Structure formats: C-alpha cells, structure tokens
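If you want the building blocks of each chain, they are given just below.
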Amino acid sequence: MTSQVPSARVNLFDYPTALVNGQTVRLSIKAFSLLAYLALEGRGLRSHLAMLLFSSAADRLNSLSVLRREILRVLGNEALQSDKSSLALGDVAVDLLEFEQSNSAQVRSKLYRGTLLRGQFARRADSEFDEWLESQRLRLLGLFQMAELELSRTAMRSKSWLEAIKRLEALATDTLSPREEALRLWLLGLVVSGQSGLVVSVFGMANRVFKQVFDLPFSAQTMRVFELARANDIKACWSLLELELLEVQTTQSGAVPLIGRESVLARMNTAWQAGKIILLSGAPGVGKTRLALEFSRAKGAVWHFCARPSDMSVPYSTHSRNYSTAFDLYPDVVMPSWIKTEMARIVPSLGNAPSPVANDQEQLRFFEAQAEAYRYISFHANIATMVIDDAQFVDEYSAQAGIHLHAKFLPYQPGFPRTIFAFRTGEFKPHIEAGLRQWVEFGIAEWIDLMPLTPTDTQQCLKHLDARLTPLSTQMTAYTGGNPMLLLETARFILEQGVFDASQLQLPRHEGIFAVTKARLERLPAQALLLLRLLAIMDGHVELQTTQVVLGWSDQDLKKQILILEEAHVAKNNQVAHDLILEVILASIPPNVWGHLHSLALRILESAGGLSALRLVHAVAANDTLAVEYYQPKALQEASDLGVFQAQTV
C-alpha cells in the first residue's frame, strides 16, 4: 500500500501561512522567504540562495541545507526539487505562483491578500534579499492594482457604481502607491451616478495622499477631469468615461485599425497570446514600425527599444541609449543596488562603475544585470510589450546581452512582457539570422514577412489620408509599388504642391523615397534644416538642452524649429522620424557641411556625457586630430572595461 503524498499549500501574501492536508503547520521566516524567492524566480543556485538568505552566517551552505530539510520535513519530501547545485519548488501549491500565472483579473484580485511576507523584514541597506523583496512587493502591488482597475471598468460598463467606486477609492488613496487614473475614474463615476456632491471632498482626500507619497501635483488631465466633475458637467463626464471604457475594450480585443494588415494582425495576436517572440521582417518603409507599435499599444504599455544605424560601430551603444532613457523616465524604479552598480558601466548617470570586466564570470554578471534591469523596469512601468525596432542595427555586444536576456526569460510566463523584433529582410548577419530561425524551429517565435500593400489597400489608404488623393490611386500605386512609407511621403509631397489632377501632376524622378523626401527637405527653413541634420548625425544620442546651448539658440528658437520639423513629419521625439528619412538626410548633406556638423555633435556630447566611443566617432568624422588623439585611448579603455576584449575594432 503506497502512502498518500500530503497536500501542502503555502500562502505568502500578507502574513504567511502553511497548511498540510488543511491543517496549519509552522515554518520559519527563512523558509517562507526561500519559498517566495523560488516561486518568483524559478530554480536558484544553492550558492546564490545561501548568500541571499544568510548574509552574515559563517557557514551559509550548511544553513541552507538545514532550511531545506525543515521545508521537506514540514511540507513533505516532494515540496522541493533539488540537485547538487540548485533548488526549485516541487509539489506544493503557492498563492504567489498562482497569482503570477493567472491572466484573470478576478483571480488576481482574490489571491492578493496584502503585502508579500508582511511584517517579516525591516529594510536593511546591506541585504540584497531585502532589496529584492521590496522591489517585488511594489511590482506585485502594481499587478494587483491593474487587476482592480480592470474590474472597476468592468463594473462601470454594467453600471455597478457601488462596486466600481469601492475599488477605485482603495486604489486612489493607497498610501504606498496611489493611482491617479483611479482618481479620474472615481470622479467621473461619482458624477454619472448622481453623487457629484462628493467630488470636492473626494478630490481633497486623494490629493493629500498623493502629495504625501509623491510630493508632486496632479497631471493636467486629472485637473481637467476634476474641473468638469466639480461643475457637474454630466455630458462631458459621460463622454470622458465612455472614452476610458472604449480604450480598455480596444486594448483587450487587440484590434488595430491598419488597412490591409488584417491577416498579419491575426497572426501577431495568436503569437502574442501564445507567449511567442514575434519576428516582423520586411523591406525598408513597408510599415514594420507602425504595425509593431500600434499592435503593441493595443495590448498595454510599450517599451520602444530603438536601434540606430550608428550603433553598429560602438559597443553597447544600443543598450546604453535605451537604458539611459528608461532610467530617466522611471527614476524611482526599485531594484537591488548591485544591478544599478553594474548598469553604471553603460549608464553613467547611475553613479560610479565597478572595476573593469576581467573574465567570463564578470561578463556574465554584467549581462545578468542588464536582464534584471529590463525585468524590474518592465514590471515597474507595467510594460506589456517590448518593441525592438530596426533590430538589424543593434551593436554586436548589446545583441549578446539581449540573447542572454531572452534565454533567461523564455518561455514567457503570463504577465511577463512580450517581445517584437522589427527588422529589414536580409540585413542581419548570417549567424544572428540562423539563431532567429532556430527560435522559430523550437516553437518560441513566429516569423512574419510584411509585404507591400495591394492596389486596393493603396486606394483605401489614400481615401483615408485625403479624399482628393483618391483619383490618383492608379498613378500612386505604380509610383510607390505599395510601399506604405513611400506612399505617405508622396501623399505629403502632393498635398504640399496642391495638384490633384493626374494629367498635371509631376512627381520627382523615381528614386524611391529619396526623391520625394529630398524635395520636401529643401523647402525647410535654414535653422530647422540645421537642427534636422544634427538629429540625423547624432542618430538618437542628442540632448536638446545641451544642443540649444551649443547652437546659442533661445528656448523660443528651439521650440519653433522642433515644431517646424514635427509638422513636416520628418522628426519626432527629438530624433528623425524614420530610418529611411534618416538615410535621405545623411545622403543629401553637402560635403563642406559634414565636418562642421560632426564638430557640433562632438561639442554636444562633451557637455552631455556618455560613451567615449561615440565622441571618437564624431572626432574622426570631423577630422579633429587633437580630439581623436584624446578620445581614442579613452574609447579603447572603455571598451576593455566593458569586456570588449577585441577593443581595436572600436
């Protein structure tokens, strides 16, 4: 007769408890801590677990063995899986794991009973486990709050105002992390449910909590909602509320209104739901970036991780630029201090970098820091999808770190950000493309080739842009070959010319996007063109405040030129709007202006900081001998410090 395996359950939210066959059993604080770590991180190396949990113990590994025996004795011999080097959860139910793996807002709301391991630890500056625990508490709270927001909106759609307002009140007045979007919904809900008399007192209560936690004013969007609610403008409040609920419905359905891309979107949605990487390839200008971003925005928050052509010559430049931007956007992200210390190698604003990378083990720790920084930032910002745009331009060393990142987190768990790679067909190095093909063979990626628009799709696009363009659809189809970027640029060229008669229309000599874009650039004012060329030369590494000082412009001058470039659709978010436009700008810069632009770029980077290798690139292009002599040894040393041992290639 075989003995029955005991049914073990551990609840780690709020004050932790353990049960075997429905009866409460006693476990130590350290045991609960180990179970929490394994539930969230998966299998852990014994050496690392011992260091985390027994930082001051003389014999850490022995202490971990004692802890392991305690868990097996209390919860049963199947509670942990182990080998000589690692531990993992075994046959034990854990509320934390169920919470992580669920896609149901209702389930997450029910399982979250309060702070992870409540009351078990006081924050200690020297404890890596305490840093990990604090960051996980905030992340899990964020996931719970997202579930509560979803349930609140669901209740509002069915006009269950009491249920919705109860949830929103808790979210808007949470003393650890109050949610501003919950306050907006709460105010709107009060008005449309006939409780507008409570608006002022509710706003005042939430405002006190928000200032105490963040010491920041509410956004302009929140203030607008408050003013409408205080005025009891029921019609306007209903309109705003319907828009909020409609946006969420669109997000949940994943529907994106892109002409001629319905079948591609269906494939992307299936892959996304299955937790696969999406590989989106196509010719330049075929619409990869827009498709990837609009699809992703329908799923939630997006991390637009851009690679630029200039990245290919500077080790870690792709990761340096994108992580620097992320840390600027989310300065309050909580993560263990060792991660930020390692990341300081490529993000100088984080502080002093550690000693140079000297061996494979230290390089692996650097890669691990980049992967962990990605995870902590993603969960802090509730990122649903990362879009790696123009992935063919990622520098070799960022690519290696990225491979480590994806190997660590694949297959994706529910709630973990998905990844979309957008790249030009045939422009990856053979060994990288072979690796991507292997992902497809292993079933962890979906490769989608994006094709040009059909003539019917082109006609619909023109009608959507401007009805006056519709009679030109035959001519435009022949001219653009169904390339969406060339179609858009040509449409803008025609609209600027104001000629809509096919017999009178004179398009530039057909050289693809180059001809029509160059013709539009030539009409830009001199200052705007100078700024655009600088944005192109610096290729995503520009810092506008420093640029303004170097150019000697006023705030008004800078804002005016940025507005001109944005209205001309050639720049967006302080960089060139599209890599094809970038190529046109660079190709059309006169030779006598080239060196001057690189000199300006060098001065900007010298003031703004960043990788020495970037400054060396501009010093060489500017033919500045003294600057080259100064930055070349610095760039070589920098590359060596980062573990780029073939530094002569920089």
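Source: prediction; values computed, not measured.

Draft legend 1. Region of interest: the packing of aromatic side chains. The full count for this structure, using the stated rule, is 20 aromatic pairs. Between Phe13 and Phe99, the ring centres sit 5.2 Å apart and the planes meet at 70°, which makes this aromatic pair edge-to-face. Taken together, the residues Phe13 in the loop between strand 1 (8–11) and strand 2 (17–20) and Phe99 in helix 4 (residues 95–101) connect sequence positions 86 residues apart. Here Phe13 and Phe99 have matching classes, each one buried. Relative to Trp439, the ring of Phe421 lies with its centre 5.9 Å away and its plane at 50°, an arrangement referred to as tilted. Highlighted residues: Phe421 in strand 11 (residues 418–424) and Trp439 in helix 18 (residues 430–441), separated in sequence by 18 residues. On the accessibility criterion, Trp439 (15% relative accessible area) is buried. Taking NZ or CZ as reference, Lys30 lies 5.3 Å from the ring centre of Phe54, over its face. One residue, Arg375, lies across the ring of Tyr376, its end atom 5.9 Å from the ring centre.

Draft legend 2. Molecular detail of the sheet that holds strand 6 (residues 86–89). Reading across the sheet, the three strands line up as 4-6-5 and stay open at both edges, with antiparallel pairing between neighbours. Whereas interior strands pair on both sides, the edge strands pair on one side only; in this sheet they are strand 4 (44–45) and strand 5 (80–82). Judged from the three bridges that link them, strand 5 and strand 6 form a sheet pairing that is antiparallel. Within strand 6, the position partnered with Ser82 by the bridge is Leu87. Seen against the sheet, helix 1 (residues 29–41) touches strand 4, strand 5 and strand 6 and runs at an angle of roughly 85° to strand 6.

Draft legend 3. Main features of the pattern of salt bridges. Applying the stated criterion across every chain, the model contains 21 salt bridges. In this structure, the salt-bridge partner of Arg113 is Asp95, at a minimum N-O distance of 3.9 Å. One end of the pair, Arg113, is in the loop between helix 5 (105–111) and helix 6 (128–157); the other, Asp95, is in helix 4, with 18 residues separating them in the sequence. Taking relative accessible area as the criterion, Arg113 reaches 39% and is therefore assigned partly exposed. Two residues, Arg167 and Glu148, come together in a salt bridge whose shortest N-O distance is 2.9 Å. Remark: Glu148 occurs in helix 6 and Arg167 occurs in helix 7 (residues 161–172); sequence separation between them is 19 residues. Judged by its relative accessible area of 16%, Arg167 is buried. Each of Glu41, Glu368, Glu372, Arg375 and Lys408 takes part in a single network of salt bridges with overlapping partners.

Draft legend 4. Seen up close, empty space enclosed by the protein. Tallying each qualifying case throughout the model produces two cavities of 30 Å³ or more. Leu531, Leu535, Leu544, Ile562, Leu565, Glu566, Ala571, Lys572, Asn573, Asn574 and Gln575 are the residues that line the largest cavity. It is helix 25 (residues 555–567) that contributes the most residues to the lining of the largest cavity, three residues altogether. A class-by-class count of the residues in the lining of the largest cavity yields six nonpolar, three polar and two charged.

Draft legend 5. Spatial organisation of the confidence of the model for the protein chain. Mean pLDDT over the protein chain stands at 83; residues scoring 70 or higher make up 92%. Contacts of residues 247–257 to residues separated by more than four positions or lying in other chains number 20 contacts, the stretch itself having pLDDT below 50. Confidence drops under pLDDT 50 across residues 646–650; counting only partners more than four residues distant or on other chains, this segment forms eight contacts.

Draft legend 6. Region of the structure containing the nonpolar core. In this structure, Leu75, Leu96 and Tyr323 are the most contacted members of the largest nonpolar core, which totals 95 residues. The next biggest cluster of nonpolar side chains, apart from the first, holds 46 residues, and it includes Ile537, Ile562, Ala571 and Tyr631.

Draft legend 7. Region of the structure containing helix 9 (residues 199–214). Taking 1.5 Å per residue, 16 residues should reach 22 Å; helix 9 reaches 22 Å between its end C-alpha atoms and fits that length. Inspection of helix 9 places Val199, Val202, Phe203, Gly204, Ala206, Asn207, Val209 and Phe210 among the buried residues, and these make up the whole buried set. Tucked into the core, helix 9 has its buried residues touching helix 7, helix 8 (180–192) and helix 10 (220–230). Asp215, located one to two residues past helix 9, shows a positive phi value of around 55°.

Parameters and conventions
- Residues numbered from 1 in each chain as written.
- Predicted model: local features only at pLDDT ≥ 70, side-chain atom pairs only at ≥ 80, totals over all residues.
- Heavy atoms only, no water.
- Phe/Tyr/Trp six-rings, centres within 6.5 Å; stacked < 30°, edge-to-face > 60°.
- Helix = DSSP H or I, 4+ residues; strand = E, 2+ residues; numbered from the N terminus.
- Buried < 20%, exposed > 50% of the residue type's maximum accessible area, 1.4 Å probe, protein only.
- Lys NZ or Arg CZ within 6 Å of the ring centre and 35° of its normal.
- Pairing = 2+ DSSP bridges.
- Contact = heavy atoms within 4.5 Å.
- Axes fitted to C-alpha atoms, helices over the stretch in contact; angles between N-to-C directions.
- Salt bridge = Lys/Arg side-chain N within 4 Å of Asp/Glu carboxyl O.
- 1 Å grid on protein atoms, 1.4 Å probe; cavity = no way out; pocket = protein on both sides within 12 Å on 5 of 7 lines; lining within 4 Å.
- Points joined across faces, edges and corners; volume = space filled by probe spheres on them.
- Nonpolar A, V, L, I, M, F, W, Y, C, P; charged D, E, K, R; others polar.
- pLDDT = per-residue confidence, 0-100.
- Core = buried A, V, L, I, M, F, W, Y, C linked by side-chain atoms within 4.5 Å.
- Expected span 1.5 Å × (residues − 1).

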